[in-house]
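Topology and contacts: notes
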Amino acid sequence: MESDWQEIHRVAPLQQHGQVPLQPTTLAFDTNAELLWLGTDQGYVSSFNGCELRRYTSYRGHNSMIPVEKLVRQLLFNERGVISLAAKGLHMSSRGGPSQWNLHDERFQNLTSMAFTSRGTSEVLVGGAQLQLFTVNLERGTIASEILTDEHVKVMKRSSRHIITGSTMGHIRLLDMNSFQMVKQFDHVHTGTILDMDTHDNLLITCGYSLRHGNYIVDPLVKVFDLRMQKALPPVSFPGASFIRMHPKMSAAAIIGSNSGQFQIVDVMNPGAMKIYNATVSSYITALELSPTGDILALMDAEGVLQMWSSLGKRNFTEFGNLVEWPEPPTRPTVTINDNTPLNMIGMPYFNEPLLSNWDPNMIFEVPRQPQQRIDPDTLAQTSVSGYAPFHQRHPRNYVEKSRGADDVGIVPAPKFLSQQGRDKNSRNISDAAIAESKMLYGDDAKRQFEVPPMYKKLEIKYSKFGIEDFDFAFYNETKYSGLETNIPNSYMNPLLQLYKYTPRLRNVALFHTATYCMMEECLLCQMGFLFDMLEKANGQNCQATNLLKTLSSLPNAARHGVLEEDTSSSGSLMMMMQNLNRFLLDQTIYDLKNAWQNTEESELPQVLLIKATKRQQCMVCHKETRPMGDTVTTDLIYTPRPPGNKSLPTFAQIARQSIQLEATQKGWCDKCRRYQTQHTRKSITKLPDVLTFNVTTQDKNLSNSKEYWSTPGWLPDEIGLTLNNKLLNVWQGEDLKRVAKRSNDQADLRIYELIGFVAEVKDEEAKKHMVSFINVSLSAEVKVEGESNWHLFNDFLVRPVTKAEALDFTPKWKMPSVLCFQLKSERSVVDNSWKDTIDTWLLYSDFPCLGQPRREEQTVLLKKDETPQQGTLVALDAEFISLQKEENEVKADGNKVIVRPCRLGLARVSVLRGQGELEGIPFIDDYITTKEPVVDFLTEYSGIHPGDLDPNVSRRALVSLKVAYKRMWILLNLGCTFVGHGLLKDFRIINIHVPRDQVIDTVDLFVLRSTQRKLSLRFLAWVVLSNHIQTETHDSIEDSRTALRLYRKYLEYGDAGVFEEVMDRIYSEGMRWNFRPPTHVTLPVRDLQRLEPDIPRSEGATP
């Protein structure tokens, strides 16, 4: 088919009758008039004229006390009127609406389809989920005959030679037009129910369900048959095919559609000749129909929205249709208007929808006056004579000069790089911080309603030639609460991770689990514990969630749930991704516990997160009842439409109650009907958790409805109360909660939850949407004060205190909450740090295998029980890294090179040596870390890592997983060990661990030239201080850490002797002589340090 199709009209034609919303169930074009007919679930049949869908007639053809029996299932047309089919009856009316006959018979049990017989349009054959077929005389409205059959009929069509039936078993039968006996049967065309089929000339095409891995799915193959030869032809591939229509004018052209809104126009004899179109729908397609001319395509979705698509702009339903009869228009009296005519003589126009002037309050904003562009005085002077001025050529034509300067309100000045700032950092803090403080917020409240304040906007990290370490993160955060960086994939998750961290019950469970023996590589709960501990120890310094996000990306379920930015299937909005992430993370943590080492604290996680419930689900067609699992970790809020009149909106407590204790009617798979049917679902709550999370809205179509709720001032309470009696849930807030709390002082059934915080979406028109979090950090303080609130904004690495009123203000159109978190008020809902006393230290005393037998490097001597690390135990550490991603640069127009993304390094080897005792300098940890990511560069010259060292299949090294290596360092950190090394801050950053400064002794800071602040390399210090050549060919982490330990011993020796400053001066002069590099030849005499330093009394056993 070579014609192009495009949407020409979209409307929701069905209206509400009383309090029952109509749902479309069938759709059909009239073969004799320019009318489109709809059948509904309430038995109504409505017609619409032309592509504009002008309402024509509407009548009720079927009525019953049982809802399923009045559902209209099919429509047919003849010259006299319209025939509609329901489960237990047929009805015929004229096109104007008057009824001609209504046929009911006790033999009608569950009719599903009908087709005209050989007698033309005066007789139909009807059948369904029963073992009888009936012929009905349309002239009289009576049953003419009954034909027995041995299977249920799902779909029925008429061809030029046969009546074709499709069964629930997947068979296709060809029936004789006169005797209705079977002529041919195609067995198991689809292994499940036939969904739809159509025929034209000698071709038949079908779609249906197929059984795959024990589940029924929509068959991805559309089956094609030649009716003349009565044989199957090659099928056509179309995943999700649910609707099929043959083109009435082109013998081999077909339209195949899916529930998602995608449809394909294909030549079934040449499947390569096809075109694919996508109809935008908010739910799913329930009906698809092609007009008798083949020029108009109609699609109806579950929300009642009807789309009209046209081929080449044509708009006719039928070729030679009868004229549609319309009633005579009413005559209106002529009113003569003069000075004495009363105004009530002039009629008002009728309207059935809100007027343009009837705006919702949340859509009205005060727009400030915009400054006008000033015209240059020289230009005005030139126009005084001729009326125009020549183009000044100072900027391109049709461009307006940007008048907002650097001092304008609303612009946060970017901080200088640390390398560009003066030596006295306080000077920057006083000036730049004051400027930033004054420009963090707009002064005009009206302007704030529709423009995003700078502190809410998405921030970017800038890179200098010194890398990310040169970026001034402290400029954005002067609090003791650490932010998270954004220069790693999937960092959109940062706000949700911060919300989890400041939820004490979840934080405690994660840390207690991390302290146990859990070696599962992809355990998200362990990674949460590592991250939460790092954020607490950082005390306001920026952190990264690198390891957690890397673990999350490696989970196979993550991509399927659409929570990864790099996954192309996650095409939904950022808000939907965040809410999917909330559900996925909480589900995954509970799943991880089932596969991890159990203890008393871990068993509490379901109590902390899980809403235990029983779910009852009943099919509305066959009434089969099932009881699937009803436990959930989060609740999707469901909003009811605004009540009519001036009634107030339901409160948050009412919305939360109906969302937790869900009762709804929706589509679902029925095993008995073997198809998707309308099912009624009711959930009964049996136990409430300690932490309640809510997804604000799970569908983009609900955003406008939910915004009306959230824009109401004070709609979100900071406390809610829940009572559960005999599986009946009640939710209270405000004064109602106080009243119930007074009555329930002696009862244990009232559970009061307080708002921890929420994740919100910030929609900036000038930039991409992003997420921030608002958290009441006072609830997670070690010393909790009752009634105190301390709200903070977490915008990645920007952290700033805000007022409670500002945090809970959702009137600005750019701010919309996404995930809410409430926690039970109880004695256990406080920060518990006793996990530090329960850390399992088994990993420090044993080898851990990686894909085979445990291996150990030759120099490694494991710790013994009498060497248990304690507070202040000295250990030397060094790590080696490999490159996993190259640096990305961009050259600007002026020739300057700008780093877009720095290179990404991964941990390859870590060595930890004893820093004291008899075995001082002997390693007890020397791990090589296997990696699943492709390695860009092994950096052998600087790391000593060779290709194959990290491959478990060929390596002879002591390979361990990243989690094992990380957890060993984490255990040493929390036991209170002090780490000695050279350049440790950069190592800790790449390892993704934060060590407090009082636990770090960095020789790069000990041997620093005070006059120039120049930092010396380990290789130069080893040569000039220790008279030792290191790193001659490559780096070795054991050698480097041992050298750093010896340098620290020298530092203590010089300090005790009081000659450190004098030694540094001589080191500086030696560095100037050799350009701060050791001699390249090993044979070159090395100046003995004895000649550089004054006489130092040496103690016995001192390091030479």
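Note on numbering: residues in each chain are counted from 1, in written sequence order. Totals for whole chains, interfaces and linings use every residue, but because this is a predicted model, local features are given only for residues with pLDDT of at least 70 and side-chain atom pairs only at 80 or more, for both listing and counting. Here the side-chain values reflect all heavy atoms present in the structure, with hydrogen atoms and water set aside.

1. Details of the overall build of the protein chain
Secondary structure elements are taken from DSSP: a helix is a run of H or I of four residues or more, a strand is a run of E of two residues or more, and numbering for both begins at the N terminus. Secondary structure summary: the protein chain contains 22 helices and 52 strands in total. With 1104 residues in all, the protein chain has 52% of them scored as buried. Put simply, 60% of the contacts in the protein chain that link residues at least 6 apart link residues at least 24 apart. Exposed residues in this analysis have more than 50% of their type's maximum accessible area, buried residues have under 20%, and partly exposed residues fall in between, with area computed by a 1.4 Å probe over protein chains only. In this description, contact between two residues means that some pair of their heavy atoms is separated by no more than 4.5 Å.

2. Quick notes on the confidence of the model for the protein chain
Scored by pLDDT, the protein chain comes out at a mean of 83, with 84% of its residues at no less than 70. Throughout residues 598-602 the model reports pLDDT below 50, and contacts reaching past four residues in sequence, or to other chains, amount to twelve contacts. The predictor attaches a confidence to each residue, called pLDDT, with possible values from 0 through 100.

3. A short note on the sheet that holds strand β31 (residues 625-626)
At least two bridges found by DSSP between two strands are what make those strands a pair. Across the sheet, which stays open at both edges, the four strands sit in the order β31-β30-β34-β33 with antiparallel pairing between neighbours. The open sheet is flanked by β31 and β33 (663-670), the only strands paired with a single partner. Examined bridge by bridge, β33 and strand β34 (residues 675-687) share eight bridges and lie antiparallel to one another. Along β34, the bridge assignment pairs C670 with R675.

4. Quick look at the pattern of salt bridges
In what follows, salt bridge is the name for a side-chain nitrogen of Lys or Arg lying within 4 Å of a carboxyl oxygen of Asp or Glu. By the definition in use, this model includes 41 salt bridges. Across the pair E1070 and R1073 runs a salt bridge, and its minimum N-O distance is 3.9 Å. Separated by three residues within a single helix, E1070 and R1073 lie in helix α21 (residues 1060-1074), roughly one turn from each other. One salt-bridge network, in which partners are shared between bridges, spans D105, R107 and E146.

5. Quick look at the sheet that holds strand β10 (residues 111-117)
A sheet is described by the order of its strands in space; here four strands give the open sequence β10-β11-β12-β13, paired in antiparallel fashion. Strand pairing shows two members of the sheet lacking a second neighbour, β10 and β13 (142-148), which therefore form its edges. Averaged over all pairs of adjacent strands, the angle between strand axes in this sheet comes to 25°, irrespective of strand direction. Sheet topology note: the strand β12 (residues 132-137)/β13 ladder contains six bridges and is antiparallel. Across the sheet, N137 pairs through a bridge with T142, a residue of β13. An axis is simply a line fitted to the C-alpha atoms; with a helix, the fit covers only the stretch in contact. Between two such axes, the angle follows the N-to-C directions and lies from 0 to 180 degrees.

6. Quick notes on unusual backbone geometry
Trans peptide bonds make up most of the peptide bonds, and negative phi angles are found at most residues other than glycine. At H623, a residue that is not glycine, the phi angle is positive and equals roughly 65°. Judged by its relative accessible area of 46%, H623 is partly exposed. Its identity is not glycine, yet N1075 carries a phi of approximately 60°, on the positive side. Mapping N1075 onto the fold places it in the loop between α21 and α22 (1089-1092).

7. A few points about the packing of helix α19 (residues 1018-1026) against α21
Relative to each other, α19 and α21 sit at 120°, their axes nearing to 11 Å. With respect to each other, α19 and α21 are oriented oblique. When you trace α19 past α21, the crossing you get is right-handed. In this structure, α19 contributes F1020, W1023, V1024 and V1025 to the contact, and α21 contributes I1067, E1070, G1071 and W1074. Residue type decides the class: Asp, Glu, Lys and Arg count as charged, Ala, Val, Leu, Ile, Met, Phe, Trp, Tyr, Cys and Pro as nonpolar, and the leftover types, Gly among them, as polar. A class-by-class count of the residues in the contact of α19 with α21 yields six nonpolar, one polar and one charged. With respect to orientation, any angle under 35 degrees is reported as roughly parallel, any angle over 145 as roughly antiparallel, any angle of 65 to 115 as roughly perpendicular, and every other angle as oblique. Here is the rule for handedness: rotate from the far helix to the near one, and if that takes an anticlockwise turn smaller than a right angle the crossing is left-handed, while a clockwise turn gives right-handed.

8. Re a nonpolar patch on the surface
Exposure above 30% relative accessible area and the absence of a salt bridge qualify a residue for a patch, where like charges join within 9 Å and nonpolar side chains (Val, Leu, Ile, Met, Phe, Trp, Tyr) within 5 Å. Here the open area of atoms and residues is found with the Shrake-Rupley method and a 1.4 Å probe, where only the protein chains shown may cover a residue. Taken together, V335, I337, L343, M345 and I346 make up a surface patch of nonpolar side chains, about 510 Å² in accessible area. V335 gets classed as partly exposed once you look at its relative accessible area, which sits at 33%.

9. Side note on the pairing of strand β3 (residues 35-40)
Across the six residues of β3, six count as buried, placing the element largely inside the fold. Of the two faces of β3, both are covered, the one formed by L35, W37 and G39 as well as the one formed by L36, L38 and T40. For strand β2 (residues 24-29) and β3, the ladder comprises five bridges, and the chain directions are antiparallel. In the strand pairing of β3, A28 is matched with W37. Here β2 folds back onto β3 in antiparallel fashion, the turn holding five residues.

10. Details of the pairing of strand β9 (residues 99-103)
In terms of strand pairing, strand β8 (residues 89-93) meets β9 through four bridges, oriented antiparallel. Residue pairing in the sheet places L90 in a bridge with L103 of β9. Count of turn residues in the β8/β9 antiparallel hairpin: five residues, of which G97 carries a positive phi of about 120°.

11. Some words on the nonpolar core
The biggest cluster of nonpolar side chains holds 98 residues, and the ones touching the most others in it are L496, L552, L581, L585 and F979. Looking at this core, the element that brings in the most residues is helix α6 (residues 524-538), giving ten residues. In this structure, I611, L688, L692 and I720 belong to the second largest nonpolar core, which totals 58 residues. We call a set of buried Ala, Val, Leu, Ile, Met, Phe, Trp, Tyr and Cys residues a nonpolar core when their side-chain atoms join them within 4.5 Å.

12. Describing the side chain of T26
Counting through the fold element by element, T26 comes out in strand β2. If we skip the residues at most four places from it in the chain, T26 touches W37, L38, G39, V72, R73, Q74 and L75.

13. Details of the packing of aromatic side chains
In this analysis, rings of Phe, Tyr and Trp, with Trp reduced to its six-membered ring, are considered paired at centre separations within 6.5 Å, and the interplanar angle assigns stacked below 30 degrees, edge-to-face beyond 60, and tilted for intermediate values. Overall, the coordinates contain 47 aromatic pairs when judged by the stated rule. For the pair Y456 and F774, a centre-to-centre distance of 5.8 Å together with 35° between the ring planes defines the contact as tilted. Pair noted here: Y456 is in the loop between α3 (445-448) and α4 (494-501) and F774 is in strand β39 (residues 770-776), with a separation of 318 residues, a long-range link. An angle of 80° between the planes, with centres 5.2 Å apart, marks the rings of Y476 and F797 as edge-to-face. With a gap of 321 residues between them, Y476 in the loop between α3 and α4 and F797 in the loop between β40 (791-795) and β41 (798-801) connect regions that are remote in the sequence. Note on Y476: relative accessible area 10%, which makes it buried. For F797, a relative accessible area of 2% translates into the label buried. Sitting over the face of the ring of F774, K815 holds its NZ or CZ atom 4.2 Å from the ring centroid. Geometrically, a charge over a ring is one whose NZ (Lys) or CZ (Arg) sits within 6 Å of the ring centre while staying within 35 degrees of the ring normal. Just above the ring of Y845 sits the side chain of K865; from NZ or CZ to the centre is 4.1 Å.

14. As for the packing of α4 against helix α9 (residues 574-594)
Relative orientation of the contacting elements α4 and α9 amounts to 45°, with a least axis distance of 10 Å. If you check the angle between α4 and α9, you find them oblique. Read as a crossing pair, α4 and α9 show a hand that is right-handed. In this structure, α4 uses L496, L497 and Y500 to contact α9, whose residues at the interface are M578, L581, N582, L585 and L586. Looking at the contact of α4 with α9 residue by residue, the classes come out as seven nonpolar, one polar and no charged.

15. Regarding the environment of M629
Take M629: it is sitting in the loop between β31 and β32 (635-636). On the basis of relative accessibility, which here comes to 75%, the residue M629 falls in the exposed class. For the pair formed by M629 and T614, sequence separation is 15 residues and the distance between their alpha carbons is 6.7 Å.

16. With respect to α19
Among the nine residues of α19, eight are classified as buried, and the element is accordingly described as predominantly covered. Along α19, the positions that sit buried rather than exposed are L1018, F1020, L1021, A1022, W1023, V1024, V1025 and L1026.

17. Some remarks on the environment of G39
Note on placement: G39 falls in strand β3. Expressed as a C-alpha distance, the spacing of G39 and L22, which sit 17 residues apart in the sequence, is 9.4 Å. Once residues lying within four places of it in the same chain are set aside, the contact partners of G39 are Q23, P24, T25, T26, Y44, V72 and L75.

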